[in-house]
Amino acid sequence: MLDIKLIRDSADWVRQRLASRHGGDEAKVGEVLSHDTRRRELITQVESLKAQKNKVSKEIGALMAQGKSEEADAKKEETRSIGDQISELDRQAQAAEQARNDLLMQLPNVPQETVPEGETEQENVLVRSWGNPPSFDFHPQAHIELCEALGLVDFARARKLAGSGFLLYRGWGARLERALGQFMVDLHTEEHGYSEISPPVLVNRDVMTGVGQFPKFSDQVYAVQEGEDPETLGRLFLIPTAEAPVANLHRDEILKAGDLPLNYCAQTPCFRAEAGAAGVGTRGMIRVHQFDKVELIKVVEPEQSAQALETMVREAETVLQRLGLTYRVLELCTGDIGFASAKTYDIEVWAPGQGQFLEVSSCSNCESFQARRMNLRYKSQGNSNRYPHVLNGSGTALARLYVALLETYQQSDGSVTIPEALASYLKADCLTPPS
RNA sequence: GGAGAGAUGGCUGAGUGGUCGAAAGCGGCGGUUUGCUAAACCGUUGUAGGGCUAAAAUCCCUACCGAGGGUUCGAAUCCCUCUCUCUCCGCCA
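Everything numeric in this text was worked out from a predicted model, so none of it was measured.

Calculation notes
Residues numbered from 1 in each chain as written. Chains lettered and ligands numbered in written order. Predicted model: local features only at pLDDT ≥ 70, side-chain atom pairs only at ≥ 80, totals over all residues. Heavy atoms only, no water. Domains from an automatic or database assignment. Contact = heavy atoms within 4.5 Å. Buried area = accessible area lost by both parts, 1.4 Å probe. Salt bridge = Lys/Arg side-chain N within 4 Å of Asp/Glu carboxyl O. Polar contact = N/O pair within 3.5 Å; in protein donor to acceptor, adjacent residues only side chain to side chain. Nonpolar A, V, L, I, M, F, W, Y, C, P; charged D, E, K, R; others polar. Pairing = 2+ DSSP bridges. Helix = DSSP H or I, 4+ residues; strand = E, 2+ residues; numbered from the N terminus. Near = heavy atom within 4 Å.

Draft legend 1. Spotlight on the domain arrangement of chain A. Domains assigned within chain A are domain 1 (4–106) and domain 2 (121–431). Computed from C-alpha atoms alone, the centre-to-centre distance between domain 1 and domain 2 is 43 Å. Residue-level contacts link 7 residues of domain 1 with 10 residues of domain 2. Across the interface of domain 1 and domain 2, roughly 720 Å² is buried in total on both sides, 48% from carbon and sulfur atoms. Here Asp-25 makes a salt bridge to Lys-216, at a shortest N to O gap of 3.9 Å. Our enumeration of links across domain 1 and domain 2 arrives at 6 residue pairs in polar contact (both at pLDDT 80 or more). Taken together, the residues of the side of domain 1 that touches domain 2 sort by class into 1 nonpolar, 3 polar and 3 charged.

Next comes the structure, spelled out in structure tokens:
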């Protein structure tokens, strides 16, 4: 969430930055401020009453000790009536605070000033490209046909088990997914200095709130319950990304300055309910309810976060470079960056069978937005507590990478060659259709 | 599912109605000593909110001893509810 002090001191700037997202949230700033002002007025009153009451209570204690119970009784009357005023004003102050905080939790992060202004993904800015789209002397097939011909993914049976939007990898197909994941995790842990995490894939409400998934986007995740007991529904949720558990790893902690930067890497399944998006171009592996993703998380000092984001994007790009896949990096415009993010780069890989780029990574600097929600702090040099900056990035999503890999390396005879970096993990350098 | 124990400051751990924001130890920070490190000694050290302020503070006030209620002039301490953790048993991968 945003710092209330920032809103108090720079309301117009915050309004302007929020307006650049084209989400209409700038209208809430005034509302936040009025609740905030009311809260402060009430608190001032309540606290002076409390101070008065505490003072008299101490006097009562002293009088009792001296055995002057009549004088003490008189003072007791006095504090009783103060107590009534306190509870009424306290109630109002809490209501104002609640209203303020509810609104604050719904405000998205403010985009950095250098983020390109724009309303939709059309205005995202191309930062750089790598590689050239492969050319084919035959008509390249889409991944669905390749997967079926090679027996890698059984779409029909996945549908039978869980419905549309689920995948069932089998044989070499399963092995290829596993190899891809392992290749990426090894790359990030062995070469990029990340430490590996294997977190719970069910998390509680606080964790979801911490990363900004809740309260606004609760309809995009799966909520679970225990058995048939509806009482337990909504205590745990399937993670939409490892960002949720891993970024929250140190929630409610005060880290030492020396602990930073933290670099975590986790491969987990990700579950997306995609409410409202059902049936929209969902055939195949590009948009599914469950997929694996290798996620990168950095927790850094505020001064380091801009550089850390650049580093993280390069680390994600390395995956694609090692695999020899063509990609481009975009900087998202103000209207397209995520709720918690202040700046985001997307990496899109070229999928020849689709004739389009697919988003396989999104790297975001959330600055202190999530740390504040998670109550994650660190002790800085001057011994004061500060909110660190939290970054997350995919490094990368498995299913779409799978698509690009198959479509890029398909051969005229229906086989798919495997790039060198992956071959040692797969223990094969070519996938051929079963005879 | 059954039985029991517990939740106190960065950590360990005292504290059963009136200067308790809380003993002590550890850790952290500052200093003395020291060729350097270590040790020793001295001092210091919670968080959040509000006020004051141009801003800030080693200024004033308030709250916080798992959470939420209650009793009382006054609660870490008494009462109720909830949550969580740990141990044992059962079931289970």
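Draft legend 2. Expanded view of the sheet that holds strand S6 (residues 254–256). The sheet built from 3 strands is open, its strands ordered S6-S12-S13 with mixed pairing. Looking at the sheet topology across the chains shown, the edges are occupied by S6 and strand S13 (385–386). Bridging between S6 and strand S12 (residues 377–379) involves 3 bridges; their strand directions are parallel. The residue bridging Ile-254 from the neighbouring strand is Arg-377, located in S12.

Draft legend 3. Representation of the protein's contact with RNA strand B in the model. Near RNA strand B there are 20 residues, and of these Arg-8, Glu-47, Ser-57, Thr-79 and Arg-80 occur at the shortest range. Here RNA strand B approaches the protein such that, of its atoms within 4 Å, sugar and phosphate make up 75%. The side chain of Arg-8 places a nitrogen or oxygen atom 2.6 Å from a phosphate oxygen of RNA strand B. Side-chain polar atom of Ser-57 to a sugar or linking oxygen of RNA strand B: 2.9 Å apart, as the coordinates give it. Contributions of two or more residues to the surface near RNA strand B are made by helix H3 (28–65), helix H4 (69–106) and S12.

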